[in-house]
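Fold and contact review
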Amino acid sequence: MTRKTLLITGASAGIGAACARLAAPTYDLALNYRTDDDGAAKVKADCEALGAKVILCKGDVGDPKAITDIYAAIDAAYPRLDALINNAGIVGQTARVTDLDYDRMRHMFDVNVIGAILIAKEAVLRMEKQGAGSIVNISSAAARLGSANTYVDYAATKAAIDIFTKGLSDEVAASGIRVNAVRPGLIDTNIHAKGGEPDRAAQLSVNVPMKRTGSAEEVAKGILWLLSDDASYVTGTTLDVTGGR
Ligand code: NAP
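Take the overall build of the protein chain next. Assigned secondary structure in the protein chain consists of 9 helices and 7 strands. Expressed along its principal axes, the backbone C-alpha trace of the protein chain runs to roughly 50 × 35 × 35 Å. When each of the 245 residues of the protein chain is scored for burial, the buried share is 49%. In the protein chain, of all internal contacts separated by at least 6 residues, the share reaching a separation of at least 24 is 71%.

Shown next as structure tokens:
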């Protein structure tokens, strides 16, 4: 059977890396990341050991020129693009809205929203020619909860991803392309340390009905299901992987 090709943005760590390892037996991979060369090399080696062809596409999805370069590398390596996990995302330092400045908000929207939309646009251009494709955008429970006193700007970027998912899915459904989103809850990755609170997920897990954080692998399983033909009649939806919150 011909192996499908999958682009994962933000695949050097966390949820993106877990998706890559779970997908490797089925998909050949294009793995994007921004800075972590060692992390990306480790994920690549793990995926190759599981049977995947892998290319690394280093680049900042917040930079449109980098997105052009990412797709040039994919087009050179693979004849088609079957699937996209639009996962790269950032938070800022925890703060109240009155402490947010323009540069932080501009950067967060450039990466989490405009970058994700441009990455999806380029995928759709290729998938429409093929008459098939599947996209999963990574949102957050923050899109529902608002993240008061921590990062309301981040929550707003993820709410944008939710409605982008719905609109794009309606636009491309008749072309054989499915577009869905996953909203992770408190997941045990390094993103919390990058926001200045390494223990954030563990501390807040008392508010989760299941009383624990989730793992990147638990989120990846939901993402890979939505991406697969097992979800062939599912489009325009968001799947919460949140332990109930
Ligand atoms: P993570 O562990 O911090 O990993 C983030 C990944 O994205 C890394 O591979 C990073 O690459 C990459 N990345 C960051 N900025 C990038 C950019 N501008 N261009 C390209 N790649 C970039 O984060 P995670 O927890 O796995 O989060 C993955 C997604 O899930 C994000 O969209 C996040 O908002 C969402 N999410 C996470 C949680 C959670 O609790 N962890 C909850 C809800 C939603 P480098 O390190 O190489 O720069």
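What follows continues from the structure just given.
Turning next to the pattern of salt bridges. Within the structure shown, the criterion is met by 17 salt bridges. Notably, a salt bridge pairs Asp162 with Arg183, separated by 2.9 Å at the nearest N-O pair. Placement of the pair is Asp162 in helix H6 (residues 152–172) and Arg183 in strand S6 (residues 177–184), with a sequence separation of 21 residues. Relative accessible area serves as the criterion here: at 12%, Arg183 is assigned to the buried category. Measuring nitrogen to oxygen at the nearest pair gives 2.7 Å for the salt bridge that ties Asp240 to Arg183. On the criterion of sequence distance, the pair formed by Asp240 in strand S7 (residues 238–241) and Arg183 in strand S6 is long-range, its members being 57 residues apart. Asp240 sits in the partly exposed class, given a relative accessible area of 32%. Each of the salt bridges in this network shares a partner with another, and the network as a whole consists of Arg144, Asp162, Arg183 and Asp240.

Looking now at the site of the ligand. The environment of the ligand is formed by 33 residues, the closest being Ser12, Asp36, Tyr154, Thr189 and Lys194. At 3.5 Å, a backbone N or O of Ala13 approaches an oxygen atom of the ligand. Within the backbone of Asn87, a nitrogen or oxygen atom sits 2.8 Å from an oxygen atom of the ligand. Here the ligand, which alone exposes 900 Å², has 96% of that area covered by the protein. For the shell around the ligand, the secondary-structure elements that each account for two or more residues are helix H1 (14–23), strand S2 (27–33), H6 and helix H7 (191–194). A breakdown of the residues in the shell around the ligand according to their chemical character gives 14 nonpolar, 14 polar and 5 charged.

Viewed as axis vectors pointing N to C, H1 and helix H2 (residues 37–49) meet at an angle of 15°, and their least axial separation amounts to 8 Å. In terms of axis orientation, H1 runs roughly parallel to H2. Every pair of crossing elements has a handedness; the one defined by H1 and H2 is right-handed. Here Ala17, Ala20 and Arg21 of H1 lie close against H2, whose contacting residues are Lys42, Val43, Asp46 and Cys47.

What counts, and where the lines are drawn
Residues numbered from 1 in each chain as written. Predicted model: local features only at pLDDT ≥ 70, side-chain atom pairs only at ≥ 80, totals over all residues. Heavy atoms only, no water. Helix = DSSP H or I, 4+ residues; strand = E, 2+ residues; numbered from the N terminus. Buried < 20%, exposed > 50% of the residue type's maximum accessible area, 1.4 Å probe, protein only. Contact = heavy atoms within 4.5 Å. Salt bridge = Lys/Arg side-chain N within 4 Å of Asp/Glu carboxyl O. Near = heavy atom within 4 Å. Polar contact = N/O pair within 3.5 Å; in protein donor to acceptor, adjacent residues only side chain to side chain. Areas by Shrake-Rupley, 256 points an atom, 1.4 Å probe, with all protein chains shown as cover. Nonpolar A, V, L, I, M, F, W, Y, C, P; charged D, E, K, R; others polar. Axes fitted to C-alpha atoms, helices over the stretch in contact; angles between N-to-C directions. Parallel < 35°, antiparallel > 145°, perpendicular 65-115°, else oblique. Left-handed = near helix turned anticlockwise from the far one by under 90°.

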